[in-house]
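Structural description and commentary
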Amino acid sequence: MKRTRAPFAIGGHDIPAGTRKTVDLPVSVLSDHTPVSMSVQVIHGAKPGPVVFVSAAVHGDEVIGVEIARRVLKAPQLDALRGTLMVIPIVNAFGFLNHSRYLPDRRDLNRSFPGSVRGSLAGRLAHLFTEEILARADFGIDLHSAAIHRTNLPQIRVSASKPETLVLARAFGAFVVLSSKLREGSMREAARTRGVDVLVYEAGEGLRFDEMSIRAGVTGVLRVLAELRMVPRKGISRPRAPSLRTSSSTWVRAPAGGLLRPYKSTGDVVEPDALLGVISDPFGEVEHQVLASTGGLIIGRTNLPVVNEGDGLFHIADIRQREDVEAAFDSLSSQLEAESLFDEDEII
């Protein structure tokens, strides 16, 4: 007799195998009596496999992940899903509605995990995510962008507790895989305590869409699902070159306040002491050179021309083999550019 997978239980709902359903997890009520929930769409495959979550907008102004999640949910490969996929396009609905990184209590949700049912609003939302999502997951992908007025090259941040996590990080196919320490109160730290590794995808700018970064994110998520054998690989491109690996990066900060004229941007490979830009006073009487403190690949930078002393201007990943960096970057860049060429009817 053929056995059927048990339903997937979440938030008081049972999702039968071979179906999908959007479940609203109540968070709070606004001061005008408007209810707020964290919504998760669950695709519960007909065949067994891992339980994976994809989350976005933990910081409410990082909207690029919301579009990535939307397109992933439209991918035809999910029709043959093995295992269970939980997609939470907007974790921080409060920040999303207000175009803000934070919650109304001015707390950073990604410094509030694992949270508490009796804590602050941020703590209660973190607790809900921890108990409803992390407690059910085997693996996760958290989608982010740079903060407002900054931009990031598509990259994966990872703190792997298992060798297979680095395999999945490479499978994603972003330009850079940056091994980074866990931060206290972060989702990744809370997940680790439950034996769950999380890839953090960083790309683009807060409150902005960038088509290349979106396409890279969608393809990367599907590549990871294919690597986990949750979806068929047909129709999912493989990276043309391996991601660049590093465990070290440095922010070059403004030596003085003034008007920044940048000479370099994300994706540029620089040598130590390379001229990245010049900061001038409004009269043009005093100028300060901005020099690279280390060689490597620029993976993030400010978009603001008006800067104060100490502002982070350029984020450089410490990757020393210049020829290898340039060859890998050119190959991955040409692939992403080809994948980002589209007609309106081709957008998922």
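Before reading on, note that the structure itself is shown above.
Scope of this entry: the structure provided in the associated data block. (Residues numbered from 1 in each chain as written. Predicted model: local features only at pLDDT ≥ 70, side-chain atom pairs only at ≥ 80, totals over all residues. Heavy atoms only, no water.)

1. Examining the packing of aromatic side chains
The criterion, for reference: Under the pairing criterion, centres of Phe, Tyr and Trp rings, with the six-membered ring standing for Trp, must be within 6.5 Å; the plane angle then separates stacked pairs below 30 degrees from edge-to-face pairs above 60, leaving the rest tilted. Helical segments are the DSSP runs of H or I of at least four residues, strand segments are the runs of E of at least two, and each set is numbered from the N terminus. Accessible area is worked out with a 1.4 Å probe on protein chains only. A residue is then buried under 20% of its type maximum, exposed over 50%, and partly exposed in between.
Inspection of every chain in the model, using the stated rule, returns three aromatic pairs. Ring centres of Phe53 and Phe129 lie 5.6 Å apart, and the angle between their planes is 85 degrees; on these two criteria the pair is classed as edge-to-face. Taken as a pair, Phe53 in strand S5 (residues 47-56) and Phe129 in helix H3 (residues 121-132) lie far apart in primary sequence, 76 residues in all. The class of Phe129 is buried, set by a relative accessible area of 0%. Ring centres of Phe113 and Phe129 lie 6.0 Å apart, and the angle between their planes is 85 degrees; on these two criteria the pair is classed as edge-to-face. Of the two residues, Phe113 sits in the loop between helix H2 (93-97) and H3 while Phe129 sits in helix H3, which places them 16 residues apart along the sequence. Classification of Phe113 by relative accessible area gives buried; the value is 5%. An aromatic cluster is built from Phe53, Phe113 and Phe129, whose rings are joined through pairwise contacts.

2. Structural notes on the sheet that holds strand S13 (residues 258-262)
Rule in force here: Two strands pair under a simple rule: DSSP has to find at least two bridges between them.
Reading across the sheet, the four strands line up as S16-S15-S13-S18 and stay open at both edges, with antiparallel pairing between neighbours. Where the open sheet ends on each side, the last strands, each with one partner, are strand S16 (287-291) and strand S18 (306-307). With two bridges connecting them, S13 and S18 associate as antiparallel partners. Along S18, the bridge assignment pairs Gly258 with Val307.

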